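Residue-level structure breakdown
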Amino acid sequence: MNCTIRENIEIIDVDTAIKNINYILKNENKTLNIDFEEIANFIRTQKSTMFFIDTELGGVSENNLEDAEYVWLDTGIQYRDKLPIFISLYNSSESPGHFEGFFVGTAPVLASQLIRKSKWAESKINQNCKKFMEKYEWKTADREIHDLMNKINVGVVNTNNTEIEKKRIEKEYENTPTMVTEDIRNQLMVYNWKTEQGLDRYIKIVGARILTLIKQKKEEYYIMNNIKSVVINTGLLNVFGVDIYVLYKYHAKYERYIAYKIIEGKNDIINEGFSQEQACKTIKPISFFDSKKYFEANIDDFDINYKALNHIIDERRDRFDESIKDIAQDTIAVKIQNALELGIKMQQRDRTYIKPIYNAKINDIAWVIPLYIFKSVMEEPELVLVVYRDSTVFWEVKTVLPYDDVLKDRIIDLSLYGNMW
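An account of the accompanying structure is given in this report. All values derive from a computational prediction rather than experimental measurement.

So, how was this worked out
- Residues numbered from 1 in each chain as written.
- Predicted model: local features only at pLDDT ≥ 70, side-chain atom pairs only at ≥ 80, totals over all residues.
- Heavy atoms only, no water.
- Pairing = 2+ DSSP bridges.
- Helix = DSSP H or I, 4+ residues; strand = E, 2+ residues; numbered from the N terminus.
- Axes fitted to C-alpha atoms, helices over the stretch in contact; angles between N-to-C directions.
- Contact = heavy atoms within 4.5 Å.
- Patch = residues over 30% accessible without salt bridge, like charges linked within 9 Å, V, L, I, M, F, W, Y side chains within 5 Å.
- Areas by Shrake-Rupley, 256 points an atom, 1.4 Å probe, with all protein chains shown as cover.
- Salt bridge = Lys/Arg side-chain N within 4 Å of Asp/Glu carboxyl O.
- Lys, Arg positive; Asp, Glu negative; His and termini not counted.
- Charge placed at Lys NZ, Arg CZ, Asp CG, Glu CD.
- Buried < 20%, exposed > 50% of the residue type's maximum accessible area, 1.4 Å probe, protein only.

So, on to the sheet that holds strand 10 (residues 256-263). Reading across the sheet, the 4 strands line up as 7-8-9-10 and stay open at both edges, with antiparallel pairing between neighbours. The open sheet has two edge strands, strand 7 (222-224) and strand 10, and neither has a second partner. Pairwise comparison of adjacent strand axes, ignoring direction, gives a mean angle of 35° for this sheet. Where strand 9 (residues 243-251) and strand 10 come together, 7 bridges link them in antiparallel fashion. Each bridged residue has a counterpart across the sheet, and for Tyr250 the counterpart in strand 10 is Tyr257. Set on the sheet, helix 4 (residues 122-139) makes contact with strand 9 and strand 10; between it and strand 10 the angle comes to about 140°.

The following block contains the structure:
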């Protein structure tokens, strides 16, 4: 069975295409269970589903189809929730400009096929594959339908519960590397984070923070073009001591801004659709604080209730080190009370003692206080208490986290150069 997408684009063996899609999905214990016409309709109606390319995976305009060797059709199906599956059609030698075929694969798989045919162009193809995936993210960001995964019903969790789906997307976002992280890393004056993922996490929380700054109309922190992309000052310095500016574009699926490219100069800004006046504007370094940069509260300002203690002591016991997992509940409760009292006393004498971290889920600042179980105050704590106040009168202890390198990186995010001397 054949399927004509449009006059010059034809999938010549639908059954084999479906079989190949299922072969890919088999690794996830999933099976395609929809009429292929739904995929065809997705290709016809959704934005940016047809990608014309040459033998080196360079993009080709539809006005110059004689230069295109293939067209990749986005099926709307994703492998492992992030890699789109394409159907690749070739430009017919018998009828140039007419594309036909049924080969299926993700972009890296299809790129490897191009390399087999043009081994000498391997480096160029790999480079273009990376650029292709970057462009794909932005070209497809504002689709009405992002994927057809809800039609694949074997081994898939029912996501009618919007909260479950939100958490799934949040997890996917956290595990997706930011495209420009390595480019920024190569320019940095210093890398202060403890982990390899530290900078990537920082670039992501900047993207989350941008939404709030735009809502607050704090235009001293960004410039925006007519398609709502923004350029911000990351607060990071390059090897020459110059601010690193980055272009962020809004991603509808993740509901936040995603870093797209480093802005090297004013001409880069102009080329991205900003005005000359905007290109000359000095942008203030990103700020995560809407109010005071230091924690201020007394012990009477806290609501230490059963729900909070139960969450920390029982529900989050897995975050405790093995050496302290078996401590009695009442002992830990006393330790929490002591940690709050001591932390507040220390803060009153040194307002940098209680550290801020940025919580992207609430788009606000939370604070961390050392929680000592066996260790002394002269050592690193085993854990930290996370406290913040939302719309309530009192501060609350929300959770507990291990004092590890990831937590240290989150503290560095809001004090980029505070630990240098």
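On to unusual backbone geometry. Positive phi outside glycine occurs at Lys228, with the angle close to 75°. Of note, Lys228 is situated in the loop between strand 7 and strand 8 (230-237).

Moving on, we come to a nonpolar patch on the surface. A cluster of nonpolar side chains, contributed by Leu342, Met346, Val377 and Met378, occupies part of the molecular surface with about 370 Å² of accessible area. Looking at where Val377 falls in the secondary structure, it is placed in the loop between strand 12 (364-371) and strand 13 (383-388).

Right, let's talk about a positive patch on the surface for a bit. A grouping of Lys124, Lys131, Lys135 and Lys139 is seen on the molecular surface, where their side chains present a positively charged patch. Position of Lys131 relative to the elements: it lies in helix 4. By relative accessible area, which is 39% here, Lys131 ends up partly exposed.

Here Ile210 lies in helix 7 (residues 198-215). Given a relative accessible area of 1%, Ile210 falls into the buried group.

Before going further, it helps to spend a moment on the pairing of strand 3 (residues 50-53). What you see with strand 3 is no split at all: Met50 and Phe52 on one side and Phe51 and Ile53 on the other are buried throughout. Both strand 3 and strand 4 (residues 70-79) contribute to a ladder of 4 bridges, which runs antiparallel. Looking across to strand 4, one finds that Met50 is bridged to Leu73.

Strand order across the open sheet formed by 6 strands is 1-2-6-5-4-3, with mixed pairing between neighbours. Each end of this open sheet is capped by a strand with a single partner; those strands are strand 1 (3-6) and strand 3. Across this sheet, the average inter-strand angle for adjacent strands is 35°, counted without regard to direction. Sheet topology places strand 5 (residues 83-91) next to strand 6 (residues 99-106); 6 bridges connect them, and they run antiparallel. If you follow Ile87 over to strand 6, its bridge partner there is Val104. Against the sheet, helix 2 (residues 36-45) engages strand 1, strand 2 (9-11), strand 3, strand 4 and strand 5, with an angle of about 15° to strand 1. Running at roughly 110° to strand 5, helix 4 makes contact with strand 3, strand 4 and strand 5 of the sheet.

Shape descriptors only; they carry no functional weight alone.
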